[in-house]
Amino acid sequence: LTFSRTSFWALLTLPIVFLWSISLKSKPAKIRFTLILLILLTMSVFIPGNPSSLSERISQYSHAFSLVISYPIFGVGLGNYLYFSPASLLQLAHNFWLLFLAEMGWPLSIYVFYKIIIIFKRSLSLNQVSLVLIWPILVTSLSDSYWFTLHQNTSLAIFILVYLNNLKPSNLQT
């Protein structure tokens, strides 16, 4: 295990979120499941990890925000994040969405994020099982940039997005 609290949280909460989305129709039941998720999130703080992880991530996030402010239109360019980083920051921003915004700029980021949201919303309305594909990506992308920087993850994310985008009501089995 990597002691990644985010991976642990995504894996632990996936069945709960899936059940929440497909079987709970009443508001009190959804509130109970939401509280369980919040308790699990709180418990993940006690999972062993790097003690300086929080301060390092705050430093990485603030640097990424400064790049977004300095290069708002075109960003720093795809793959150039580390070239614009001080030597003390040896890693990319631990957030896919923030890294994409810093490298690609606001206009392209807004367009891509909008398209991804449309695909996710459409696929969830057609097939609740698609949540199983979406949830781990959404949770882990908030604290890691590997969906953007590793070829295997990028390929998997593209495959999932294409699959979800091509879902049609006639393709679904009930």
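Computed from a prediction, not measured in an experiment: that's the story for all the values here.

S.K.: Tell me about the overall build of the protein chain, and name the residues and values.
M.R.: A count of helices and strands for the protein chain gives eight helices and zero strands. Scanning the protein chain from its N terminus toward the C terminus, one meets helices and strands in the order α-α-α-α-α-α-α-α. For the protein chain, the proportion of contacts with a sequence separation of at least 24, taken over those separated by at least 6, is 70%.

S.K.: Tell me about a nonpolar patch on the surface, and please be specific about residues and values.
M.R.: Nonpolar side chains collect at one region of the surface, where Leu133, Leu156, Phe159 and Tyr163 lie side by side and expose about 380 Å² of accessible area between them. Ranked by residue count, the leading element in the nonpolar patch is helix H8 (residues 151-165), at three residues. The topology assignment puts Leu133 in helix H6 (residues 130-141).

S.K.: I'd like a description of helix H3 (residues 53-70), backed by residues and values.
M.R.: Compared with an ideal rise of 1.5 Å per residue, which puts 18 residues at 26 Å, H3 spans 26 Å between its outermost C-alpha atoms and is within 8% of the ideal. For H3, the complete set of buried residues consists of Ser53, Gln60, His63, Ala64, Leu67 and Val68. Viewed along the axis of H3, the buried residues span an arc of 145°, placing them on a single side of the element. H3 presents Leu54 and Ile69 as exposed residues on the side facing more than 90 degrees away from its buried surface.

S.K.: For the environment of Arg122, give the residues involved together with the corresponding values.
M.R.: Tracing the chain through its elements places Arg122 in helix H5 (residues 106-126). Counting along the chain gives 44 residues from Arg122 to Asn166, while the straight-line C-alpha distance between them is 10.0 Å. Contact partners of Arg122, with chain neighbours within four places excluded, come to Leu164, Asn165, Asn166, Leu167 and Lys168. A distance of 3.3 Å separates the side chain of Arg122 from the backbone oxygen of Leu164, its partner in a polar contact.

S.K.: Please give an account of the nonpolar core that cites residues and values.
M.R.: In this structure, Phe120, Trp147 and Leu164 are the most contacted members of the largest nonpolar core, which totals 13 residues. At the level of elements, helix H4 (96-104), H5, H6 and H8 are the ones that each hand at least two residues to this core. Setting aside its immediate chain neighbours within four residues, Phe120 contacts Ile134, Leu138, Leu161 and Leu164. Residues Ala64, Leu67, Leu92 and Ala93 belong to the second largest nonpolar core, which totals 11 residues.

S.K.: With reference to specific residues and values, describe the packing of aromatic side chains.
M.R.: The full count for this structure, using the stated rule, is five aromatic pairs. Summarising the aromatic geometry, the rings of Trp97 and Phe113 are spaced 5.1 Å apart at their centres and angled 75° between planes, so their arrangement reads as edge-to-face. Placement of Trp97 in helix H4 and of Phe113 in helix H5 is noted, with a sequence separation of 16 residues between them.

S.K.: Explain H6 residue by residue, including any values.
M.R.: With 12 residues, H6 extends 17 Å between its outermost C-alpha atoms, agreeing within 8% with the 16 Å of an ideal straight helix rising 1.5 Å per residue. All buried positions along H6 are accounted for by Ser130, Leu131, Ile134, Trp135, Ile137, Val139, Thr140 and Ser141.

S.K.: So what about the confidence of the model for the protein chain? Which residues, and what values?
M.R.: On average, the protein chain scores 80 in pLDDT, and the residues at 70 or more come to 78%. Between the elements of the protein chain, mean pLDDT differs from a low of 67, seen in helix H1 (residues 5-23), to a high of 94, seen in H4.

S.K.: Account for the layout of surface pockets, naming residues and giving values.
M.R.: Computed from the structure, the second largest pocket encloses a volume of approximately 290 Å³. Of all the elements in the fold, those that place two or more residues in the lining of the second largest pocket are H4, H5, H6, helix H7 (146-149) and H8. Per element, the largest residue contribution to the lining of the second largest pocket is five residues, and it comes from H8. Looking at the lining of the second largest pocket residue by residue, the classes come out as 13 nonpolar, two polar and no charged.

Calculation rules
- Residues numbered from 1 in each chain as written.
- Predicted model: local features only at pLDDT ≥ 70, side-chain atom pairs only at ≥ 80, totals over all residues.
- Heavy atoms only, no water.
- Helix = DSSP H or I, 4+ residues; strand = E, 2+ residues; numbered from the N terminus.
- Contact = heavy atoms within 4.5 Å.
- Patch = residues over 30% accessible without salt bridge, like charges linked within 9 Å, V, L, I, M, F, W, Y side chains within 5 Å.
- Areas by Shrake-Rupley, 256 points an atom, 1.4 Å probe, with all protein chains shown as cover.
- Salt bridge = Lys/Arg side-chain N within 4 Å of Asp/Glu carboxyl O.
- Expected span 1.5 Å × (residues − 1).
- Buried < 20%, exposed > 50% of the residue type's maximum accessible area, 1.4 Å probe, protein only.
- Arc of directions from axis to C-beta.
- Polar contact = N/O pair within 3.5 Å; in protein donor to acceptor, adjacent residues only side chain to side chain.
- Core = buried A, V, L, I, M, F, W, Y, C linked by side-chain atoms within 4.5 Å.
- Phe/Tyr/Trp six-rings, centres within 6.5 Å; stacked < 30°, edge-to-face > 60°.
- pLDDT = per-residue confidence, 0-100.
- 1 Å grid on protein atoms, 1.4 Å probe; cavity = no way out; pocket = protein on both sides within 12 Å on 5 of 7 lines; lining within 4 Å.
- Points joined across faces, edges and corners; volume = space filled by probe spheres on them.
- Nonpolar A, V, L, I, M, F, W, Y, C, P; charged D, E, K, R; others polar.

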